[in-house]
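Working through the structure, step by step
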Amino acid sequence: MAVKMKNIILIGFMGSGKTSVGIRLSYRLRRTLTDTDKKIERLYRMSISEIFGRFGEEEFRNMETQCLEKLLEEPKGRIISVGGGLPMRDCNRELLKKLGWVVYLRVKPLTVCERLEADTSRPLLQGEDREEKVRSLLEQRAPVYESAADIIIDVDGKIVDEIADEILQNIGIAT
């Protein structure tokens, strides 16, 4: 498969910059951006929070897997941004590998807390002590993200263009 036709999949914790970096890569490479959360929201005509509330986390995770399976059937050469919990399922990690380059945007808990300070839309961060929830979830997820990734990019203290440059250098696409 030609380098330019392979999908670039962005994984990482909420607040790691997957959407912002995805938009920038999409613009710079003139590729379609697909955000799995947005795709699910459009398909079910409700927000992720509403899906969690109505169907529960397990059913949402099933929706994510179905979304990846559909993406395998679509044309290659996309930028794909996935939800933070999506790589936690073994079957999803296998699907991600089939889809293209998997890029883990690694972020520190403090950065997440700063970026999501005013965000009340994240179902897994509702309630008290958000910082502890972030730390705990990141501890669980980081090893899984690392094992799923072809490329790991540390994003703390970097602007979106620096992160995009680093991704493109790692996959051999000159800008």
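Above this text you will find the structure in question.
Description of the structure in this document. (Residues numbered from 1 in each chain as written. Predicted model: local features only at pLDDT ≥ 70, side-chain atom pairs only at ≥ 80, totals over all residues. Heavy atoms only, no water.)

With respect to the packing of aromatic side chains
Within this structure, the stated rule accounts for two aromatic pairs. For the pair phenylalanine 52 and phenylalanine 60, a centre-to-centre distance of 5.2 Å together with 45° between the ring planes defines the contact as tilted. According to the relative accessible area criterion, phenylalanine 60 is buried, its value standing at 3%. Ring geometry for tyrosine 104 against tyrosine 145: centres 5.1 Å apart, planes inclined by 50°, an arrangement best described as tilted. Here tyrosine 145 lies in helix H7 (residues 130-148) and tyrosine 104 lies in strand E4 (residues 100-106), a separation of 41 residues in the sequence. Grouping residues by exposure puts tyrosine 104 and tyrosine 145 together as buried. (Phe/Tyr/Trp six-rings, centres within 6.5 Å; stacked < 30°, edge-to-face > 60°. Buried < 20%, exposed > 50% of the residue type's maximum accessible area, 1.4 Å probe, protein only. Helix = DSSP H or I, 4+ residues; strand = E, 2+ residues; numbered from the N terminus.)

Details of the sheet that holds strand E1 (residues 7-11)
Here five strands make up an open sheet; going across it, the order is E2-E3-E1-E4-E5 and the pairing parallel. Single-partner strands in this sheet number two, and they are strand E2 (33-35) and strand E5 (151-154). The mean angle between the axes of side-by-side strands here comes to 20°, regardless of whether they run parallel or antiparallel. The pairing of E4 with E5 spans four bridges and is classified as parallel. Paired with arginine 106 across the strands is aspartate 154, a residue of E5. Its contacts with the sheet place helix H8 (residues 160-171) against E1, E4 and E5, and it is angled at close to 155° to E5. (Pairing = 2+ DSSP bridges. Axes fitted to C-alpha atoms, helices over the stretch in contact; angles between N-to-C directions. Contact = heavy atoms within 4.5 Å.)

Comments concerning the pattern of salt bridges
Any two side chains of opposite charge can pair, so long as their charged atoms come close to each other. Taken as a whole, this structure holds 14 salt bridges when the rule is applied. Of the charged contacts in the structure, one is a salt bridge between lysine 38 and glutamate 41, with a shortest N-O distance of 3.8 Å. Highlighted residues: lysine 38 and glutamate 41, both in helix H2 (residues 36-44), separated by three residues, approximately one helical turn. On the basis of relative accessibility, which here comes to 45%, the residue lysine 38 falls in the partly exposed class. Three or more residues are tied together by salt bridges with common partners; here these are Arg24, Arg28, Asp161 and Asp165. (Salt bridge = Lys/Arg side-chain N within 4 Å of Asp/Glu carboxyl O.)

Re helix H1 (residues 18-29)
For H1, with 12 residues, the first-to-last C-alpha span of 16 Å sits near the 16 Å given by 1.5 Å per residue. The set of residues buried in H1 consists of Lys18, Val21, Gly22, Leu25 and Ser26. When H1 is viewed along its axis, its buried side chains cluster within an angular range of 135° and face the same direction. Buried-residue contacts for H1 involve E1, E2, strand E3 (79-81), E4 and H8. (Expected span 1.5 Å × (residues − 1). Arc of directions from axis to C-beta.)

A short note on the pairing of E4
Within E4, six of the seven residues are buried, which leaves the element mostly enclosed by the surrounding structure. Summarising the sheet, E1 and E4 pair through five bridges and their orientation is parallel. Of the residues in E4, the one forming a bridge with isoleucine 8 is tryptophan 101.

Examining the nonpolar core
By size, the foremost hydrophobic cluster in this structure holds 49 residues, and its most contacted members are Ile8, Ile11, Phe13, Leu25 and Ile167. In terms of residue count, H7 provides more of this core than any other element does, six residues in total. (Core = buried A, V, L, I, M, F, W, Y, C linked by side-chain atoms within 4.5 Å.)

That's the geometry; what it means functionally is another story.
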